[in-house]
Amino acid sequence: MTQVQDMKLDGNAIAGLLREIFAVEMTTARGTCASCGAVNEVGRVEVYIHAPGTVVRCPDCEQVLMRVVHGRGRYWVDMTGVRCLEFAES
Amino acid sequence: MARAAVLGRLTWQFGTLAEIVRETPRVSSLFFDVPEWPGHLAGQHVDVRLTADDGYRAERSYSIASAPQDKRLALTVERLDDGEVSPYLVGELRAGDRLELRGPIGGYFVWRGDEDRPLLLIGGGSGIVPLMSMLRHRGRIGSKTPARLLFSSRTLADVIYREELEHLGAAGDGLRVVHTLTREKPAGWTGYTRRIDEAMLREVAWPNKDSPAVFVCGPTPFVEAAASLLVAMGHDARSIKTERFGATGG
């Protein structure tokens, strides 16, 4: 448990990764959790980067918001857990 | 249109190391000249990548330590013995060497200095780095915004930026610097000597009614503990901005 806690990061840690995918600053984007409806800025979400990919969880209900796998020149982005993502045009 | 799209993308570029300043036995500040640097906000970070001869790449994020107004881009890096990148940055990289980096990155954990809310900064170990950028920025723009820094270090010798923090705290511009040491009580020490707890926060932190801008940065357990204490004291969780440094072995 302590180890899992220690591996927990936040949305700031994937600012570079998300910028690669979305091409704009995303830590101030607001995401709505498909599970509990909570709206959080991406900088606040829970991030685990020790899985084979990156796993993003809702800080309110801990359900998975997003999974990203990056390798061999491609990205796989699963956003099933995000109902809506709102962000500023650059 | 193509140009705008290119500008929106993060691109890797080279910085040239101009100067190394040793902050503590394990921590050094690296000052880079970056010709195409677009400028940054206090609290942002850069990604750094190293490429081995066989093409293997290691990438890490480091908070920017310098103020937006500073001529050189400064990173302050703690050497982690089992790390892949930090032992190279702190130990092998020499003045004149080039380093591949991209940034600035992030927009959530930033302080622009354009609002009147009092500023509460809570840092653990190298979590001080983005907070230092904010304090340097505050100094450069002549801000009188009341500010308090609570900085937790293991021992006195581990206190990063100790002298500079002393100067900033003595400038009489509304900044109060408070230290706590978790593994040592030096002779004559007047600061705290324990982990951050509620009693300490009640003495140092602005109460919730003052609507402070709160930034907490450090190792994950440190950040979680400090943020939980603030929430228990009535602060709105969404007003507390946190940045966790994981045990990822930088």
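Criteria and cut-off values
- Positions within a chain are numbered from 1, following the residues in the order the chain's sequence is written.
- Chain letters and ligand numbers both follow the written order, the letters beginning at A and the numbers at 1.
- Given that this is a predicted model, residues contribute local features only at a pLDDT of at least 70 and side-chain atom pairs are listed and counted only at 80 or more, while totals for whole chains, interfaces and linings are drawn from all residues.
- No hydrogens and no water enter the side-chain calculation; it runs on all heavy atoms of the structure.
- Secondary structure elements are defined from DSSP: runs of H or I of at least 4 residues count as helices, runs of E of at least 2 residues count as strands, and each element is numbered from the N terminus.
- As a reference, a globule follows 2.2 Å times the number of residues to the power 0.38, and the radius of gyration itself is taken over C-alpha atoms.
- Classification of residues uses two cut-offs on accessible area relative to the type maximum, computed with a 1.4 Å probe and protein chains only: under 20% is buried, over 50% is exposed, and between them is partly exposed.
- Note on contacts: a residue pair qualifies if any of its non-hydrogen atoms lie within 4.5 Å across the two residues.
- Computed with a 1.4 Å probe, the accessible areas rest on the Shrake-Rupley method; for each residue, only the protein chains presented here act as cover.
- Two parts placed together each lose some accessible area under a 1.4 Å probe, and the buried area is that loss summed for both.
- A pair is scored as a salt bridge if a Lys or Arg side-chain nitrogen falls within 4 Å of a carboxyl oxygen belonging to Asp or Glu.
- Any pair of nitrogen or oxygen atoms within 3.5 Å is treated as a polar contact; in protein, a donor-acceptor pairing is required on top of that, and neighbouring residues in sequence qualify only through side-chain atoms on both sides.

Novice: Even after reading the chapter, I still don't get the overall build of chain B, so can you show me in this structure?
Specialist: Looking only at helices and strands, chain B has six helices and 11 strands in total. Since a compact globule built from 250 residues should have a radius of gyration of about 18 Å, the 18 Å found for chain B is in line with a globular shape. Across its three principal directions, the C-alpha atoms of chain B cover 55 × 45 × 30 Å. Across the 250 residues in chain B, those meeting the buried criterion constitute 52%. Contacts in chain B between residues far apart in sequence, at least 24 positions, make up 72% of those at least 6 positions apart. Approximately 11600 Å² of chain B is accessible, and the part contributed by carbon and sulfur atoms is 49%.

Novice: Before we go on, may I ask you to explain the environment of Y48 of chain A in this structure?
Specialist: Residue and element names in this part refer to chain A. Mapped onto the fold, Y48 is located in strand β4 (residues 46-48). Looking at Y48, the relative accessible area reads 16%, which means it is buried. Counting along the chain gives 34 residues from Y48 to I14, while the straight-line C-alpha distance between them is 9.7 Å.

Novice: Looking at this structure, how should I read the interface of chain B and chain A?
Specialist: It is common to give the size of an interface as the accessible area lost on bringing the parts into contact. Each partner contributes residues to the interface: chain B has 24 residues there, and chain A has 25 residues. Overall, the association of chain B and chain A removes approximately 2000 Å² of surface from exposure, summing both partners, and the carbon and sulfur fraction of that is 45%. For chain B, the biggest contributors to the area lost against chain A are Y108, R238 and R244 of chain B; these three give 30% of the whole. Inspection of the chain B/chain A interface yields four salt bridges. As a salt-bridge pair, K8 of chain A and E224 of chain B come within 3.2 Å of each other at their nearest N and O atoms. Joining chain B to chain A, the criterion identifies 12 residue pairs in polar contact (both at pLDDT 80 or more). Of all the secondary-structure elements, those providing two or more residues to the side of chain B that touches chain A are β3 (45-51), β6 (98-105), α6 (220-232) and β11 (240-245) of chain B. By residue number, the principal contributor to the side of chain B that touches chain A is β11 of chain B, which donates four residues.

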